[in-house]
Amino acid sequence: MKVKELIKVLDDITGGRVVKDLSDIFTDKNPFVVMKSSNIPGKSVMETPGLVYGNPEAEIKKIAVTMTLTEGNIELAGATGVDAIVAHHPIADAANSGGVTLSYYLRLYNVAVFELHEAFHGLHPGISYIHGHKPFRVDIRYGGIPGNILYVGKALDEVKTLGDILDRLNKMMDMDKEHQVMSVERKHFSCDEMKDSATALQGEILLGTADSPVNTILHMFPHTGFTPEHLVNAKNEHPEIDTVLATISRVDKDSDLVKKAKELGLNFICGNSHALEIFENGLPLAYALRHYLPKDIEIVIFRERICSIPLKDFGSPNIKEYAKYITDNYLINNKK
Ligand SMILES: [Fe+2]
Ligand SMILES: [Fe+2]
């Protein structure tokens, strides 16, 4: 199988959303070619769904699906015979390749990279399904703000309470196993304060109890600009809403959003964080690839798990000595 055939497969999966001709990125022909910018000088990136780098005629035998391309991903691909990485999040030169330019690095290991972000979003109702509801309203620019996504959904038959939502998430994400892994690692490194991105944030009830009934769910994403006023408006539009569900990012229990939900007599629950998106989007993408690709093409998932370790506990005694030596001799600037 060739790189160009994988472009075609991603185009089939997305119903034609992939960039087929590079000249398309300079026109408004493909609505999934979008600039991502929060107006921080020099830090914008253009999403170009499809092939980002690679020779279209190159052979592919092994594919990795990942969320965010990093130097760790590129090294792992090089070390394990991966010929193509399909990343969900958009890719920018140097930012996604350890500070060095992408093309030299990828050419060295002969790895092609693809991205498929907004072009993949909206193809499936996965995030609501994982959290146990079926949306009857989807607004991707609530309050006129592009990307301020609002779902209003009916709880699935098997989801009757807030506790059912938490149980569902814990089972799907296999949280027991994640906690076991974390506790083994803590023990192994003799570091009780160690945390990781899989277990530090779990589903959490901020208003209500595990027994609180759930029927109609307002599902929002706090990082996209959803405000307490939006909440009031949505409740007016759908008075049957009884529960607010915040996912990908979250708010704390003293936030204005939770205060407003309390005033309105709503439950408030936080679901999966962005750190678990590989389960929500990566795995279905990998299964879709499995469906379309010849059986002899191997598919792996590159899963990221970030660990937080107190400075005093990180590294071997020798590397701590090294870090102190470098600091003392090179990094403390006494020149006034
Ligand atoms: Fe995503
Ligand atoms: Fe994401």
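Conventions and cut-offs
Residues numbered from 1 in each chain as written. Chains lettered and ligands numbered in written order. Predicted model: local features only at pLDDT ≥ 70, side-chain atom pairs only at ≥ 80, totals over all residues. Domains from an automatic or database assignment. Pairing = 2+ DSSP bridges. Helix = DSSP H or I, 4+ residues; strand = E, 2+ residues; numbered from the N terminus. Axes fitted to C-alpha atoms, helices over the stretch in contact; angles between N-to-C directions. Core = buried A, V, L, I, M, F, W, Y, C linked by C-beta atoms within 7 Å. Buried ≥ 20, exposed ≤ 12 C-beta atoms within 10 Å, placed from the backbone. Contact = placed C-beta atoms within 7 Å. Parallel < 35°, antiparallel > 145°, perpendicular 65-115°, else oblique. Left-handed = near helix turned anticlockwise from the far one by under 90°. Arc of directions from axis to C-beta. Right-handed = clockwise from strand over helix to strand, strands pointing away.

1. Thoughts on the domain arrangement of the protein
- Here the protein is partitioned into domain 1 (3–121) and domain 2 (126–273).
- Just the C-alpha atoms count here: the centres of domain 1 and domain 2 sit 30 Å apart.

2. Points about the sheet that holds strand β13 (residues 267–273)
- Read across the sheet, six strands follow the order β7-β8-β11-β12-β13-β10 without closing on themselves; strand pairing throughout is mixed. Both edges of this open sheet fall to β7 (133–139) and β10 (204–207), since each of them pairs with a single strand only. Sheet twist, expressed as the mean angle between neighbouring strand axes with direction ignored, is 25°.
- Bridge analysis of β10 against β13 gives three bridges, and the strand direction is antiparallel. Its bridge partner lying in β13, Leu207 is registered against Phe268.

3. Comments concerning the nonpolar core
- In terms of nonpolar packing, the biggest core is built from 36 residues, with Leu10, Ala84, Ile85, Val86, Val111, Val113 and Phe114 touching the most fellow members.
- If one sorts the elements of this core by residue count, helix α1 (residues 3–13) sits on top with five residues.
- Membership of the second largest hydrophobic core comes to 32 residues, among which are Ile149, Tyr151, Phe226 and Val258.

4. Regarding the pairing of strand β8 (residues 150–155)
- Counting buried residues along β8, five of its six residues qualify, which places the element largely inside the surrounding structure.
- Sheet topology note: the β7/β8 ladder contains six bridges and is antiparallel. Bridge pairing links His133 to Ala155 in β8.
- Bridge count for β8 against strand β11 (residues 216–220) is five bridges, and the pairing is antiparallel. If you follow Tyr151 over to β11, its bridge partner there is His219.

5. Quick notes on the sheet that holds strand β3 (residues 50–53)
- Spatial strand order, β3-β6-β5-β4-β14: five strands in an open sheet with mixed pairing. What marks the edges here is a single partner per strand, and that holds for β3 and β14 (298–301). The mean inter-strand angle of the sheet, taken between neighbouring strand axes irrespective of direction, is 25°.
- Direction of pairing for strand β5 (residues 84–87) relative to strand β6 (residues 112–115): parallel, over a ladder of four bridges. Bridge assignment links Ile85 to a residue of β6, and that residue is Val113.
- Against the sheet, helix α9 (residues 277–292) makes contact with β4 (62–66), β5 and β14, and its axis sits at roughly 180° relative to β14, the strand it touches most.

6. Here's the deal with the packing of helix α7 (residues 228–237) against helix α8 (residues 256–263)
- Here α7 crosses α8 at 30°, and the two axes come no closer than 9 Å. The orientation of α7 with respect to α8, classified from their angle, is roughly parallel. Where α7 crosses over α8, the handedness of that crossing is right-handed. Here α7 contributes Pro228, Leu231 and Val232 to the contact with α8, which in turn contributes Asp256, Leu257, Lys260 and Ala261.

7. Some points on α7
- Within the span of α7, buried status applies to Leu231, Ala234 and Lys235. Viewed end-on, α7 has its buried residues packed into an arc of 100°, placing them on one side of the element. What points out from α7, more than 90 degrees from its buried face, is the exposed set Glu229 and Asn236.
- Packing partners of the buried residues in α7 comprise β8, β11, β12 (243–248) and α8.

8. A closer look at the pairing of β5
- On β5, burial covers both faces: Ala84 and Val86 on one face and Ile85 and Ala87 on the other are all buried.
- The sheet contact formed by β4 and β5 spans four bridges and is parallel. Residue pairing in the sheet places Val65 in a bridge with Val86 of β5.
- At this point the chain moves from β4, through helix α2 (residues 71–80), to the parallel β5, and the crossover so formed is right-handed.
- Running through helix α3 (residues 102–109), the crossover from β5 to the neighbouring parallel element β6 is right-handed.

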